[in-house]
Amino acid sequence: MSGWTRDLLTGFAVLLGEADVATWNPNGIYTDNQTALTIGGLPAKPDTAIALAVYGVGQAGDDVEQPDSAVQMQARFRAKTDPRVVDDLADGVFDAIHGLANVTLSTGVHVLLARRTLVAPLGRDSSGRWERADSFDLMVHRPSPHRDV
């Protein structure tokens with residue numbers, strides 16, 4: 001049995017892979033020429049990669065009476081030599097996610113609304129690769145045992 005957060009992140013990874021933003025491989029194996037799409041953190045290789053992670057809830061938190069939740073998702077980008085490549089990756093993710101409304105992801109998670117709320121250039125990592133992180137606020141349907149469906 002998979003968890004709801006796993007399904008949320010996997011659903012977005014599939015969506016971004018289908019939009020040709022990056023390569024999604026659930027096994028985490030990528031060639032040096034691919035743009036890796038991972039969940040949790042950036043892999044050591046390849047140099048060009050995107051990682052998705054859930055890191056918080058919206059400002060209002062989760063309503064205990066309604067089955068909808070606000071979730072924050074970070075997309076972290078990395079690329080070698082040219083800082084504009086991370087911007088290109090971020091633009092692809094923005095185009096695929098920002099404004100997404102009333103859509104059920106391939107994993108069954110229902111997204112009511114998605115919007116980008118933060119853009120943060122991170123400079124270079126210890127290997128000289130450029131990084132950036134964007135945050136998305138997601139309004140999602142997230143039933144749980146103590147809330148009405």
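Shown above is the structure to which this text applies.
Note that the structure is a prediction, hence the values are computed from the model and not measured. (Residues numbered from 1 in each chain as written. Predicted model: local features only at pLDDT ≥ 70, side-chain atom pairs only at ≥ 80, totals over all residues. Heavy atoms only, no water.)

> Provide a residue-level description of the environment of aspartate 68, including the pertinent values.
One can find aspartate 68 in strand β4 (residues 68-79). Among the residues examined, aspartate 68 registers a relative accessible area of 29% and is labelled partly exposed. With 73 residues separating them in the primary sequence, aspartate 68 and histidine 141 have C-alpha atoms 4.3 Å apart. Not counting the four nearest positions on each side in its chain, aspartate 68 is found in contact with Asp63, Leu112, Val140, His141, Arg142 and Arg147. Within the structure, the side chain of aspartate 68 is placed 2.9 Å from the side chain of histidine 141, a separation counted as a polar contact. (Helix = DSSP H or I, 4+ residues; strand = E, 2+ residues; numbered from the N terminus. Buried < 20%, exposed > 50% of the residue type's maximum accessible area, 1.4 Å probe, protein only. Contact = heavy atoms within 4.5 Å. Polar contact = N/O pair within 3.5 Å; in protein donor to acceptor, adjacent residues only side chain to side chain.)

> Requested: an account of the environment of aspartate 63, with residues and values cited.
In this structure, aspartate 63 sits in the loop between β3 (49-57) and β4. Taking the relative accessible area as the measure of exposure, aspartate 63 reaches 36% and is therefore partly exposed. Residues aspartate 63 and arginine 84 lie 21 residues apart in sequence; the distance between their C-alpha atoms is 40 Å.

> Mind laying out the sheet that holds strand β1 (residues 23-24), listing which residues take part and the relevant values?
Sheet architecture is open: 7 strands sit in the order β1-β2-β3-β4-β7-β6-β5, paired in mixed fashion. Each end of this open sheet is capped by a strand with a single partner; those strands are β1 and β5 (101-104). As paired strands, β3 and β4 are joined by 8 bridges and run antiparallel to one another. Directly across from alanine 51, in β4, lies its bridge partner arginine 76. This element, helix α1 (residues 4-18), spans β1, β2 (36-39), β3, β4, β6 (110-124) and β7 (130-141) of the sheet and lies at about 145 degrees to β3. (Pairing = 2+ DSSP bridges. Axes fitted to C-alpha atoms, helices over the stretch in contact; angles between N-to-C directions.)

> So, unusual backbone geometry: which residues are in play, and what are the values?
Negative phi values dominate among residues other than glycine, just as trans dominates among peptide bonds. With an omega of 0 degrees, the peptide bond running from lysine 45 to proline 46 counts as cis. Looking at the element boundaries, proline 46 is found in the loop between β2 and β3. With a phi close to 65 degrees, threonine 81 is a non-glycine residue in the positive phi region. Checked against the element boundaries, threonine 81 lands in the loop between β4 and α2 (83-97). Its relative accessible area of 63% is what places threonine 81 among the exposed residues. One non-glycine residue, asparagine 102, lies in the positive phi region at around 55 degrees.

> Residue-level account of α1, with values.
Counted at 1.5 Å a residue, the expected span for α1 with its 15 residues is 21 Å, and the 21 Å between its end C-alpha atoms agrees. When we look at burial in α1, the residues that qualify are Trp4, Asp7, Leu8, Leu9, Gly11, Phe12, Ala13, Val14, Leu15 and Leu16. Once α1 finishes, aspartate 20 follows within two positions and takes phi at roughly 60 degrees, a positive value. (Expected span 1.5 Å × (residues − 1).)

> Tell me what's going on with the nonpolar core, and back it up with residues and numbers.
Residues Leu8, Phe12, Leu16, Ile50, Leu52, Val93 and Ile97 are the most contacted members of the largest nonpolar core, which totals 31 residues. When residues of this core are traced back to their parent elements, those giving at least two are α1, β3, β4, α2, β6 and β7. For this core, the element with the highest residue contribution is α1, accounting for 7 residues. Those residues within four positions of phenylalanine 12 in sequence are excluded, and the remaining contacts are Leu52, Met73, Ile97, Leu100, Leu105, Val111 and Leu138. (Core = buried A, V, L, I, M, F, W, Y, C linked by side-chain atoms within 4.5 Å.)

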